[in-house]
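Listed here are the chains, written in short residue letters.
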Amino acid sequence: MQTGGTEVAYLKSIQECEIISIEQIAPQIFDMWVKNDVLAAQARPGQFVHIDCGDATDNFLRRPISICDVKSNAVRILFEVKGSGTAALACKKAGDVLDMLGPLGNAFTVLEQYRRPLIIGGGIGIFPLYLLAKQFSEAQVFLGFRCCERVVMEQDFKNVAKELHITTDDGSYGYHGYAVELLERKLAAKEGDIIYACGPLPMLRATKALAEKYNVKCQLSMEQRMGCGIGACLVCTCETTSKGANHYKRVCKNGPVFWSDEVTLNG
Amino acid sequence: MADLRINIAGVELENPVVTASGTFGFGREYGEFFDPGELGAIAVKGLTLNPREGNRSPRIAQTPAGILNSVGLQNPGVENFIKFELPDLKKHSAKIIANMSGNTIEDYCSMADRLSGTEVDMLEMNISCPNVKQGGVAFGTDASTVHKITSEVRKYAKKPLIVKLSPNVTDICEMAKAAEAGGADALSLINTILGMKIDIHTRRPVLANNVGGLSGPAVMPVAVRMVWQVASAVKLPVIGMGGIMSAEDAIEFLLAGASAVAVGTGMFKNPMLPVAVKNGIGEYMDQNNIKKVSELVGAVRVYE
């Protein structure tokens, strides 16, 4: 809008999102598509939506959920039921309308000079990696799960990855062991020119160490309990290091994606 | 059309809606959702003399009808604020309230002196932050200390001085009177109530700081009660806050005696909340044939 000759643009607003479908695909894991043109048009891999999960008494805080996939006018999110917020989300039905902010956060950096990515995810950390993997024709993807019944999105990733490796901690499906072990084999064979990772902290620490050992660029997507989700309240910090000094950056605004040499992962 | 303007210690606010310190940063983020010029005033993130990194994460926990936070005054320091944040804040019509925290009385005096030479409209002395080890709430829970720090800072404050009171006291009126006697121009209350949440599975506190400040609707009845008590006990104007989620909540504070209200934690639920509160107050006034918002201030009809 024009006001007094200066252009005023309010870039963000609350997005009303009608649920197209919601389906439980594994124990405690739900797969949801919501209709929203703005989110679909703007979402980039690694960004998230901040979802109002219900009334202020039981669910005061919004829940940050990463964007898994996008099509023309809809966005796909997957989530695990962990607390009251995600439990409330899991009870929603197709046709219900959710109030979301987004897309929020930065995104994975996808550069022309790095076209052979090694993408590693663990547990529910794999969800934002799907939209990322779709950006490449030569993505090698490593997904780690606790056990067979937790394995999700295998066919989705198979459709977009050049290679897909599934691992389970207990060996009940795929490779018996951690996804980072397979990642290291590829790095040792000089495959891949950049690493992208999202998953539990021990996986991120191991991935950061491998990136340093093999001198490969690496981006990590971080998780933290959030408040406003837009960078104002300073509760979701990530310890970063620069020129020997440590600083807390905001996961919601400066992240959730950070270069691995930027973060300390001290927890 | 209702007249929402309100005068606080000689500063005229376009309307009585303020954003509470610590919830609104320096206005940039929520400024992407609405025009900060819609606000009566912006209380900026709590400033310290030097930059502070704050506490370890997690810094937030959800509780019934509210949250606990333990940010610990992460901020860029008063000089960076003046250089990089204040010029953009002053592009809006909203008045700017610089919120100050310190470890020593001297810290507060230095900041009051420095900020008095800038374009900020008011100073808010935070003697009620529960999340820092030195200073903070320690200054705000003893009446003689409240009096001393207020009278010392008063000497350096060339702008209206607001003292932000802690609810973590036995008698908040005693603190309010001490601030008034020390030379405060206005009071703001309440800051957060010290709380704790424990994860029974890990047997660990959810917050890395173990304890934190409670805010949100859970604290509102306490806040309304304290505003009413304080507004009845002193002559100073009061900025009331604590759990406001709607215009109706804000009107409760006005009736209890607040001249202005601050919206804070509620924005995490609804980023447009300050605008909704402002518009809702206007509608209530129109419906009830109230011409000036000052007519509502302290207008609660209490039982004898």
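Structure: above.
Position numbers for residues count from 1 along each chain, tracking the sequence in the order it is written. Chains and ligands are labelled by the order in which they are written, letters from A for the one and numbers from 1 for the other. Given that the model is predicted, a residue must reach a pLDDT of at least 70 before its local features are reported, and side-chain atom pairs must reach 80 or more before they are shown or counted; all residues, however, enter totals for whole chains, interfaces and linings. To obtain the side-chain values, all non-hydrogen atoms of the structure were used and water was disregarded.

Asks: Help me get a handle on the packing of helix α3 (residues 143-156) of chain B against helix α4 (residues 172-182) of chain B, residues and values and all.
Replies: Residue and element names in this part refer to chain B. Here α3 crosses α4 at 30°, and the two axes come no closer than 8 Å. By the criterion of interaxial angle, the relationship of α3 to α4 is roughly parallel. Crossing of α3 against α4: the hand is right-handed. Mapping the contact onto sequence places A143, V146, H147, T150, S151 and R154 in α3 and E174, M175, A178, A179, A181 and G182 in α4. Of the residues belonging to the contact of α3 with α4, the class tally is 6 nonpolar, 4 polar and 2 charged. Geometry is summarised by axes, namely lines fitted to C-alpha atoms with helices restricted to the contacting stretch, and by angles between N-to-C directions that run from 0 to 180 degrees. Strands are runs of DSSP state E lasting at least 2 residues, helices are runs of H or I lasting at least 4, and numbering of each runs from the N terminus. Each angle is binned into one of four classes, with values under 35 degrees roughly parallel, values over 145 roughly antiparallel, values of 65 to 115 roughly perpendicular, and all other values oblique. Each crossing gets its handedness from the near helix: less than a right angle anticlockwise from the far helix is left-handed, clockwise is right-handed. The criterion used for residue contact is that any of the two residues' heavy atoms lie within 4.5 Å. When residues are grouped by polarity, Ala, Val, Leu, Ile, Met, Phe, Trp, Tyr, Cys and Pro land in nonpolar, Asp, Glu, Lys and Arg in charged, and all others, Gly among them, in polar.

Asks: Now, about the sheet that holds strand β14 (residues 217-221) of chain A: what can you tell me, with residues and values included?
Replies: All names here are of chain A. When DSSP finds two or more bridges between two strands, those strands count as paired. With mixed pairing, the 7 strands of this open sheet are ordered in space as β12-β11-β10-β9-β13-β14-β17. The outermost strands of the open sheet, each flanked by one partner alone, are β12 (175-176) and β17 (257-259). Relative to the sheet, helix α5 (residues 179-188) contacts β9 (117-122), β10 (140-145), β11 (163-168), β12 and β13 (194-198), its axis offset from that of β10 by approximately 160°.

Asks: Any chance you could break down the sheet that holds strand β8 (residues 97-104) of chain A for me, citing the residues and the numbers?
Replies: Residues and elements named next belong to chain A. If you walk around this closed barrel you meet the 6 strands as β3-β4-β7-β6-β5-β8, and the pairing is antiparallel. Each neighbouring strand pair of the sheet contributes to a mean axis angle of 45°, computed without reference to strand direction. Strand direction decides the pairing type here: strand β3 (residues 15-26) and β8, joined by 4 bridges, are antiparallel. Paired with E18 across the strands is V97, a residue of β8.

Asks: Outline the packing of aromatic side chains, listing residues and values.
Replies: For any pair of aromatic rings, the description consists of the separation of the ring centres together with the inter-plane angle of the planes. Residue and element names in this part refer to chain A. Stacked, edge-to-face and tilted are the three classes for Phe, Tyr and Trp ring pairs, Trp counted by its six-membered ring, which pair at centre distances within 6.5 Å; planes under 30 degrees apart are stacked, over 60 edge-to-face, the rest tilted. This structure, assessed with the given rule, holds 9 aromatic pairs over all chains. With centroids separated by 5.7 Å and ring planes inclined at 15°, the aromatic side chains of F30 and F79 adopt a geometry described as stacked. Residue F30 is found in strand β4 (residues 29-35), and its partner F79 is found in strand β7 (residues 74-80); the two are separated by 49 residues along the sequence. Geometrically, a lysine NZ or arginine CZ counts as sitting over a ring once it is within 6 Å of the ring centre and also within 35 degrees of the ring normal. It is K71 that lies over the ring of W33; its NZ or CZ is 4.4 Å from the centre. A cation over a ring is seen here: K217 above W259, with NZ or CZ 4.6 Å from the ring centre.

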